[in-house]
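These are the residues of each chain, in order.
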Amino acid sequence: MDKVDGTEHYNFKQAADLATLQVIIIDTNPIAWQLLKQSSGLSFPDALSQILIFANAHLAFSQANRAAVIANHIDGAHFLSPVPPGSDTADPDEANMTPEQQKETSQRNASKYRVFRLFEDEVRASYRRLIKSTTAETVDAIPNGSALSGALGLALTYINRICFGGTGGRSSGVPGDEKSKVNSAGGKVDDTGRTMHAKILIVSVTPDPANQYISVMNGVFAAQKLTVPIDVCKLRESTVFLQQAADATGGVYMEPEHPKGLLQYLMMGFLPDHLARSSLILPTRVDVDFRAACFCHKKVLDIGFVCSICLSIFCEPPDGAVCSTCDTKLDVSMLENIGKPVVALPKKKKKKKVTDSLPESGVASAADSPAPTEG
Amino acid sequence: MSAQTMKGFEQLEGLPEAVFKRLYQQPATALAIFRRMLPNLAKTFVMAMLFNPDPVPISNLEHWVHPDKNSLKEEAFAKLRQLYLVTEKQGTFALDPTFKNELRKALTGGGLPGSFGLPCDTDDKNKVDVAFLDKYATEQWESILHFMVGNEIPSFKRPSEGVVRLLLHGKLMEQSRMSSDPVITQVGFSFLLQEANSQVWTLLLLYLDMAEQVKEMNTNLWKLDLIIIICASQLRMDPVDILHFLFLLGSLELGQDYDMKNLTPTQKGMLEDLRDYGVVYQRKVCNAFEFLTRWISLITLKSSSRRFYPTRLATALTSEIRSIRSPAASLQNATSQGDGNGFLIIETNYRLYAYTSSPLQIAVLNIFAKLISRFPNLVTARITRDSIRQAISKGITAEQIIDYMTVNAHPQLRKNSPVLPPTVVDQIRLWQIEGERMKTTPGYLFKEFSTTSEFNAVCRYANDLGVLVWADHNKGNLFVSKHEQIADYIRKRAHAGR
């Protein structure tokens, strides 16, 4: 009898199966790449090609998938793709090409899927422009330069617009522009109003920019709030911030042992989208380094001082005992006790108090305070 | 709508292994199959294996997946095996070498020139723009649909004989005794309710089917023109060639002209037919002596224009389900029917208002709703039990009707969430269920187990396999859809017990 039940005929649709936006942040610091090449043999052009194949693989997953590439350069963060509207889109190499070379290019183009081709051409051309505009002086001036927080900020704002704004991408001359219109017109939207899922991949070769700790962490928390996982592929120089970023946002953190095989790491570890991630066990770091950088001298600390009001971190008591973030006057007189056996002093005091005046107050307060673990 | 689209691809899944192996020989096809025919997890597995030089142990992949998502994993594995994408050897998976190679080529762009279409290197004297292509595609396609519902509109010309033959072949229309023109069948009605992209696929797969049949039955001359048979047997329409071309079309660029010189004779022949469907545009070669010239041109393998333009119908071919609505929407945008893509308003009282004057859309509405009145730009109708039951008796499902209404919902209605009033949606489903009080499942009954523990063990095993349909624990009976493994299991248990 129970077979004659109408309810089982209802085939409710699965939750909206949204496409994914992959934002890739690549370090383009030439010095760092040179050092990596010397140590492991992976040069930037090789790495870029592999990253582009990775991006193609992402685009191959679904027609609606999109990708963006941001360069984390010495002096700032730049979009490599999509190119910001109104910027110069000419390829500096194209002008010098002979007709034969041009013909060869068009021949080569014919063997590529057009979405991949447009994307690759754009990334490569913007990269050449970026390098052309970089002078040797800038590189020498800040050899470890990195604009991680800027790049992260660009990525998040872009994600916010594409995935939550609903208005689609940039207006003109961008590959995939057509699709963005479609997305806003007839695309699916899930409960939270997002039209696409997003994830960020950071391919990093530079050391942590300690002076950007606060802004980077703010970016990480914003990503956490948008539920955007930040994946980190650290090719050189172990990092504290990015470990925390991956850990906080539920992303993948990997330090490839063999950077030359970058592609396989990318394909295996970083490619799965949100749907696949829900059913896969992903490589994450268990022993995340949670150290923070101080706000005053930007040093990474094991132990430091924390403002009791705003939780700002300092490596030494701030000047004039005023917190530089919230302007609270701090009581530093107790700090002198630090280093001495801390346990002894309060114990003595407490004993005195308890024996002197209110013997049952301690008991009463303990009973009054709500027990969080109850039930 | 997804079910409809997938139906088209299920047809492909049944192809023999040899055909698949040959299909994988083109990067465009490999990419399209990867994109369209694999579930998400299977795609992830393929990508993980793609640049791995060695076969991957199956246990590695199994450990990669969360233990509670086993069913998804099994589905992915099953699909990979079914499409002959992996070969198993001593507990390892290896991607089919051809597929691996071609998909790599697709991703890295290392294929031969022209593997994703060969653009013309000279300028076209009569260059056409995207708007023209959209208009052309819409006109061609709509003329087919209008022809199906029996609307003779002066602005739309009658589709060519090839199209009519195809519709007849697919039983979308049948020759009626009353008039010389064929009339639409029930299959045809449910075809009309599909979306543009699924419709294109349905028709193209029918085309494939017909091409194969033509090859097989040279002696069976009924319904088919002599000339076509001569052409086909000369051309040896190869299904793999046809599919390659269809997948290739899906990866071409809208508004770009392509050179025909890389195409095989089969594909050149196909171009002529695809032009009739509005899938590609090619400058006119046909005239009153269509068949004659076509025949001649095929034999001499020369066509008057050596370039062709894919239309939006073509470039949307390999896009997957979620973006399917887009080509249809953009097509409708391109035509002058109303603004945006929606024209239907459904109220909770089952009244339906359609802002349209298109005879085609009105005809489709008439399939499942009772039309009440008609104004220059508006049709009012009512959804009733009778109208829905009538549609269902024609083989149209409630889902199809609901999907159609959702896709064509007016922008005003689209602001609601859910788009359609739930009462109406539920009621339509209930009306469908009315006729489905019983469900039959062929299978096997196991009874008279010697002990309860044995019964329970078998029951659990059957459940794990997913073949258990029904079990009665009091009587000790269970009903399964497949018996081979169960029988084996019982035999093994009996053996072990002894």
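Bear in mind the structure is a predicted one, so any value in this text is a computation, not a measurement. (Residues numbered from 1 in each chain as written. Chains lettered and ligands numbered in written order. Predicted model: local features only at pLDDT ≥ 70, side-chain atom pairs only at ≥ 80, totals over all residues. Heavy atoms only, no water.)

## Regarding the overall build of chain B
Piece 1. Looking only at helices and strands, one finds 24 helices and 15 strands in chain B.
Piece 2. Here chain B holds 498 residues, and the buried ones make up 54% of them.
Piece 3. Across chain B, every contact between residues at least 6 apart in sequence was considered, and the portion connecting residues at least 24 apart equals 69%.
Piece 4. As displayed, chain B has an accessible area near 23500 Å², and 53% of this comes from carbon and sulfur atoms. (Helix = DSSP H or I, 4+ residues; strand = E, 2+ residues; numbered from the N terminus. Buried < 20%, exposed > 50% of the residue type's maximum accessible area, 1.4 Å probe, protein only. Contact = heavy atoms within 4.5 Å. Areas by Shrake-Rupley, 256 points an atom, 1.4 Å probe, with all protein chains shown as cover.)

## Brief notes about the sheet that holds strand β11 (residues 370-374) of chain B
Residues and elements named next belong to chain B.
Piece 1. Here we have four strands laid out as an open sheet, ordered β9-β10-β12-β11, and antiparallel in their pairing. With one partner strand each, in any of the chains shown, β9 (344-346) and β11 form the two edges of the open sheet. Across the sheet, the axes of successive neighbouring strands diverge by a mean angle of 20°, strand direction being ignored.
Piece 2. Sheet topology places strand β10 (residues 351-354) next to strand β12 (residues 379-382); four bridges connect them, and they run antiparallel. Within the sheet, the bridge partner assigned to Y353 lies in β12 and is T380.
Piece 3. Its contacts with the sheet put helix α18 (residues 359-368) on β9, β10, β11 and β12, and the angle it makes with β11 is roughly 140°. (Pairing = 2+ DSSP bridges. Axes fitted to C-alpha atoms, helices over the stretch in contact; angles between N-to-C directions.)

## Concerning the pattern of salt bridges
A side chain of one charge can pair with a side chain of the opposite charge if their charged atoms are brought near each other.
Residues and elements named next belong to chain B.
Piece 1. Within this structure, the stated rule accounts for ten salt bridges over all chains.
Piece 2. Among the salt bridges present, the one from D488 reaches R491, with a minimum N-O distance of 3.2 Å. Taken together, the residues D488 and R491, both in helix α24 (residues 484-497) and three residues apart, mark about one turn of the helix. (Salt bridge = Lys/Arg side-chain N within 4 Å of Asp/Glu carboxyl O.)

## Section: the packing of helix α20 (residues 398-407) of chain B against helix α22 (residues 422-434) of chain B
All names here are of chain B.
Piece 1. Two elements in contact, α20 and α22, have axes whose closest approach is 9 Å; the angle formed by their N-to-C orientations is 155°. The angle between α20 and α22 falls in the class roughly antiparallel. In terms of crossing hand, the pair formed by α20 and α22 is right-handed. On the side of α20, the interface is formed by A398, E399, I401, I402 and M405, while α22 contributes V425, I428, R429 and Q432. (Parallel < 35°, antiparallel > 145°, perpendicular 65-115°, else oblique. Left-handed = near helix turned anticlockwise from the far one by under 90°.)

## What about the sheet that holds strand β7 (residues 280-281) of chain B?
Residue and element names in this part refer to chain B.
Piece 1. Read from one edge to the other, the open sheet built from three strands follows the order β6-β8-β7, with strand pairing classed as antiparallel. Among the strands making up the open sheet, the edge pair consists of β6 (258-259) and β7.
Piece 2. For β6 and strand β8 (residues 307-310), the ladder comprises two bridges, and the chain directions are antiparallel. Within the sheet, the bridge partner assigned to D259 lies in β8 and is R307.

## A few points about the side chain of T356(B)
All names here are of chain B.
Piece 1. For T356, the position within the fold is in the loop between β10 and α18.
Piece 2. Given a relative accessible area of 5%, T356 falls into the buried group.
Piece 3. Beyond its immediate stretch of four places on either side in the chain, T356 contacts F343, Q361, I362, N377, L378 and V379.

## Some details on a nonpolar patch on the surface
Piece 1. On the surface, a cluster of nonpolar side chains totalling about 250 Å² of accessible area is made up of L445(B), V469(B) and W470(B).
Piece 2. By secondary structure assignment, the location of L445(B) is in strand β13 (residues 444-446). (Patch = residues over 30% accessible without salt bridge, like charges linked within 9 Å, V, L, I, M, F, W, Y side chains within 5 Å.)

## Side note on the confidence of the model for chain B
Residues and elements named next belong to chain B.
Piece 1. Overall, the predicted model of chain B reaches an average pLDDT of 76, with 79% of residues at or above 70.
Piece 2. Mean pLDDT in chain B bottoms out at helix α17 (residues 325-334), which sits at 40, and peaks at β12, which reaches 94.
Piece 3. Scored below 50 in pLDDT, residues 285-291 shows 15 contacts in the model against residues more than four places distant or in partner chains. (pLDDT = per-residue confidence, 0-100.)

## Some remarks on the confidence of the model for chain A
Residues and elements named next belong to chain A.
Piece 1. Per-residue confidence for chain A averages 75 on the pLDDT scale, and 70% of its residues sit at or above 70.
Piece 2. No element of chain A has a lower mean pLDDT than helix α7 (residues 177-186), at 36, and none a higher one than strand β2 (residues 66-72), at 92.
Piece 3. When the criterion is pLDDT under 50, residues 1-16 qualifies, and its contacts beyond four places in sequence or with other chains add up to 14 contacts.
Piece 4. Counting interchain partners and residues more than four positions distant, the pLDDT-below-50 stretch residues 350-375 has two contacts.

## Section: helix α2 (residues 44-61) of chain A
Piece 1. Relative to the 26 Å expected for 18 residues at 1.5 Å per residue, α2(A) spans 26 Å between its end C-alpha atoms, a close match to the ideal helical length.
Piece 2. The buried fraction of α2(A) is high, at 15 of 18 residues. (Expected span 1.5 Å × (residues − 1).)

## Some remarks on the packing of helix α4 (residues 40-50) of chain B against helix α7 (residues 97-108) of chain B
All names here are of chain B.
Piece 1. For the pair α4 and α7, interaxial distance at closest approach is 11 Å and the crossing angle is 90°. Judged by the angle between their axes, α4 and α7 are roughly perpendicular. Where α4 abuts α7, its residues V46, M47, M49 and L50 lie against F99, K100, L103, R104 and L107.
Piece 2. Here the residues of the contact of α4 with α7 are counted per class, giving seven nonpolar, no polar and two charged. (Nonpolar A, V, L, I, M, F, W, Y, C, P; charged D, E, K, R; others polar.)

## Structural notes on the packing of aromatic side chains
For any pair of aromatic rings, geometry is given as the distance between the ring centres together with the angle between the planes.
Piece 1. Tallied over the entire structure, the rule returns 21 aromatic pairs over all chains.
Piece 2. Aromatic side chains W33(A) and F44(A) sit 5.0 Å apart centroid to centroid with 70° between the ring planes, which places their arrangement in the edge-to-face category. Here W33(A), found in helix α1 (residues 30-40), pairs with F44(A), found in helix α2; they are eleven residues apart in sequence, far enough to count as distant.
Piece 3. Judged by its relative accessible area of 9%, F44(A) is buried.
Piece 4. Each ring, one from Y213(A) and one from F241(A), has its centre 4.9 Å from the other, and the planes form 55°; the classification is tilted. Taken together, the positions of Y213(A) in helix α8 (residues 213-225) and F241(A) in helix α9 (residues 241-249) put the pair 28 residues apart, joining distant regions of the chain.
Piece 5. Among the residues examined, Y213(A) registers a relative accessible area of 10% and is labelled buried.
Piece 6. What makes F241(A) buried here is its relative accessible area of 0%.
Piece 7. Of the aromatic side chains, those joined through ring pairs into one cluster are F20(B), Y24(B), Y84(B) and F99(B). (Phe/Tyr/Trp six-rings, centres within 6.5 Å; stacked < 30°, edge-to-face > 60°.)

## Here's the deal with the environment of N29(A)
All names here are of chain A.
Piece 1. Here N29 shows up in the loop between β1 (19-27) and α1.
Piece 2. A relative accessible area of 0% means that N29 is categorised as buried.
Piece 3. With residues up to four places along the chain from it excluded, the contact list for N29 reads N72, I74, P143, N144, G145 and T206.

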